[in-house]
Amino acid sequence: MSQCGNCCGNCERKKVRDEKEYKDLIHRLKRIEGQVRGVQEMVEQDRYCVDILTQVSAIQSALNSFNKVLLSNHIKTCVVEDIREGQEDAVDELCRTIQKLMK
């Protein structure tokens, strides 16, 4: 994997995922997308605040679960591959990423 080293978020790094990982991530995202649309409909229908908040909490949980799966896959593939290629700064990038996720 190529790395620009700027950590700008605009790098042209790519990750080719196997079919199983791809399908799992897309399935999770589509489910989350449906949940967000459901919350939008609840607001449009003047639903009770607590009911909406409960659904938003479920969305946050689903996003956290998505992040856990993606981060685990990232560590097992991208980070390991970068370290094997001598790119020790992959660990620093991982630490920065984890810090952002924990905000």
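Remember, predicted model here, so these are calculated numbers, not experimental data. (Residues numbered from 1 in each chain as written. Predicted model: local features only at pLDDT ≥ 70, side-chain atom pairs only at ≥ 80, totals over all residues. Heavy atoms only, no water.)

Visitor: How do you make sense of the overall build of the chain when you look at a structure like this?
Guide: Looking only at helices and strands, one finds three helices and zero strands in the chain. Considering the chain as a whole, with its 103 residues, one finds that 16% of them fall into the buried category. The long-range share in the chain, meaning contacts at least 24 apart out of those at least 6 apart in sequence, stands at 55%. (Helix = DSSP H or I, 4+ residues; strand = E, 2+ residues; numbered from the N terminus. Buried < 20%, exposed > 50% of the residue type's maximum accessible area, 1.4 Å probe, protein only. Contact = heavy atoms within 4.5 Å.)

Visitor: Help me understand the side chain of E21 in this model?
Guide: In this fold, E21 is placed in helix α1 (residues 19–44). Excluding anything up to four places from it in sequence, E21 contacts K15 and N73.

Visitor: Teacher, can you tell me more about the pattern of salt bridges here?
Guide: It is possible for side chains of opposite charge to pair when their charged atoms get near one another. Counted according to the given criterion, the structure contains seven salt bridges. In this structure, the salt-bridge partner of E21 is R17, at a minimum N-O distance of 3.5 Å. Here E21 falls in the buried class, since its relative accessible area comes to 11%. Among the charged side chains, a network of salt bridges with common partners joins R13, D82 and E93. (Salt bridge = Lys/Arg side-chain N within 4 Å of Asp/Glu carboxyl O.)

Visitor: Whenever I open this one, the nonpolar core confuses me. Can you help?
Guide: As a rule of thumb, soluble globular proteins bury nonpolar side chains together. The biggest cluster of nonpolar side chains holds seven residues, and these are L25, I32, V39, M42, I52, I59 and F66. For this core, the elements supplying multiple residues, two or more each, are α1 and α2 (49–84). (Core = buried A, V, L, I, M, F, W, Y, C linked by side-chain atoms within 4.5 Å.)

Visitor: Sorry if this is basic, but what is going on with the packing of α1 against α2 here?
Guide: The description of two helices packed together rests on the angle between their axes and the distance between the axes. Interaxial distance between α1 and α2 falls to 10 Å at its minimum, and their mutual angle equals 165 degrees. One element, α1, and the other, α2, form an angle in the roughly antiparallel class. As α1 runs across α2, the sense of the crossing is left-handed. Partitioned by chemical class, the residues of the contact of α1 with α2 number 16 nonpolar, four polar and four charged. (Axes fitted to C-alpha atoms, helices over the stretch in contact; angles between N-to-C directions. Parallel < 35°, antiparallel > 145°, perpendicular 65-115°, else oblique. Left-handed = near helix turned anticlockwise from the far one by under 90°. Nonpolar A, V, L, I, M, F, W, Y, C, P; charged D, E, K, R; others polar.)

Visitor: Looking at this structure, I do not really get α2. What am I missing?
Guide: Along an α-helix, residues three or four positions apart point the same way, because every turn accommodates 3.6 residues. Taking 1.5 Å of rise per residue, the 36 residues of α2 would be expected to cover 52 Å, and the 51 Å separating its terminal C-alpha atoms lies within 8% of that figure. The largest bend in α2 is about 35 degrees, located at I75. Buried within α2 we find I52, I59, F66, L71, C78, V79 and D82. Looking at the buried positions of α2, the neighbouring elements they touch are α1 and α3 (89–101). Within two residues after α2, G86 carries a phi angle of roughly 85 degrees, on the positive side. (Expected span 1.5 Å × (residues − 1). Bend = angle between axes of the 7 residues up to and from the residue.)

Visitor: Help me understand the environment of K14, please; the structure alone is not making it clear to me.
Guide: Along the chain, K14 turns up in the segment before α1. For K14 and C78, which are 64 residues apart along the polypeptide, the C-alpha to C-alpha distance reads 9.8 Å.

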